[in-house]
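Examining the three-dimensional arrangement
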Amino acid sequence: MEALQRDLLPQLHHALHAAQNGSVEFLDACVGFFHAVRWTEPFLLCLLAFHATCFVLVIGTRGHGVAHALLFLTFLSLVRAAEWLNTLASQHWPTFCSQNYFDSPGLFTSVVFSAPLLFNAVFILMYS
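Quick summary incoming for the structure in this document. (Residues numbered from 1 in each chain as written. Predicted model: local features only at pLDDT ≥ 70, side-chain atom pairs only at ≥ 80, totals over all residues. Heavy atoms only, no water.)

Along its length, the protein chain carries six helices and zero strands. Secondary structure elements of the protein chain occur, N-terminal to C-terminal, as α-α-α-α-α-α. When burial is assessed residue by residue, the protein chain has 33% of its 128 residues classed as buried. Of all intrachain contacts in the protein chain linking residues separated by at least 6 positions in sequence, the fraction that spans at least 24 positions is 67%. Working note: accessible area of the protein chain is about 8000 Å², and carbon and sulfur atoms make up 69% of it. (Helix = DSSP H or I, 4+ residues; strand = E, 2+ residues; numbered from the N terminus. Buried < 20%, exposed > 50% of the residue type's maximum accessible area, 1.4 Å probe, protein only. Contact = heavy atoms within 4.5 Å. Areas by Shrake-Rupley, 256 points an atom, 1.4 Å probe, with all protein chains shown as cover.)

Take the packing of aromatic side chains next. Under the definition given, this model contains 13 aromatic pairs. Ring centres of F43 and F96 lie 5.2 Å apart, and the angle between their planes is 75°; on these two criteria the pair is classed as edge-to-face. Linking F43 in helix α3 (residues 42-60) with F96 in the loop between α5 (82-92) and α6 (107-127), this pair joins segments that are 53 residues apart in sequence. Plain terms: the ring middles of F102 and F108 are 5.7 Å apart, the flat faces sit at 85° to each other, and that makes the pair edge-to-face. Judged by its relative accessible area of 2%, F108 falls in the buried class. Here the aromatic residues F33, F43, F96, Y101, F102 and F108 are joined through ring pairs into a cluster of three or more. (Phe/Tyr/Trp six-rings, centres within 6.5 Å; stacked < 30°, edge-to-face > 60°.)

What follows deals with the environment of F108. When you line up the elements, F108 lands in helix α6. For F108 and V37, which are 71 residues apart along the polypeptide, the C-alpha to C-alpha distance reads 9.6 Å. In this structure F108 touches F33, V37, F43, L44, Y101, F102, D103 and F113, once residues within four positions along its chain are discounted.

Our focus in this paragraph is helix α4 (residues 65-80). Helical geometry note: an α-helix holds 3.6 residues per turn, so side chains three or four residues apart project in the same direction. With 16 residues, α4 extends 22 Å between its outermost C-alpha atoms, agreeing within 8% with the 22 Å of an ideal straight helix rising 1.5 Å per residue. Taken residue by residue, α4 has H68, L71 and F75 as its buried positions. Along the axis of α4, the buried positions cluster into a sector of 65°, meaning they face one direction only. Projecting away from the buried face of α4 at angles above 90 degrees are the exposed residues G65, V66, L70, L73 and R80. Packing partners of the buried residues in α4 comprise α3 and α6. (Expected span 1.5 Å × (residues − 1). Arc of directions from axis to C-beta.)

Laid out in structure tokens, this is it:
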């Protein structure tokens, strides 16, 4: 499985660049990425719960400008810290997961950590 992941992440990275040309490879790479990850790992379930909690906070604090400003700054700070978190996770991955998802470009961290936070930040900007 680790070999599959090692081979898949560069393909996904290549597919992201190919998608700019309208290539169908991007969709195939995304499906492969989805199947390569063990979504039942406890740390991924906790991360999913974190993102769900963040979204509920964003929805629950609609109309509260100060709360949204604090959430927005927190989300962007966490996205900024993603590179450091990816480096830390790549050094200590055996303690909390069964596979090393944390490559040096940080693709996995960007997809499962930063993208949902950025989604919440954009949601705050659009609906505050």
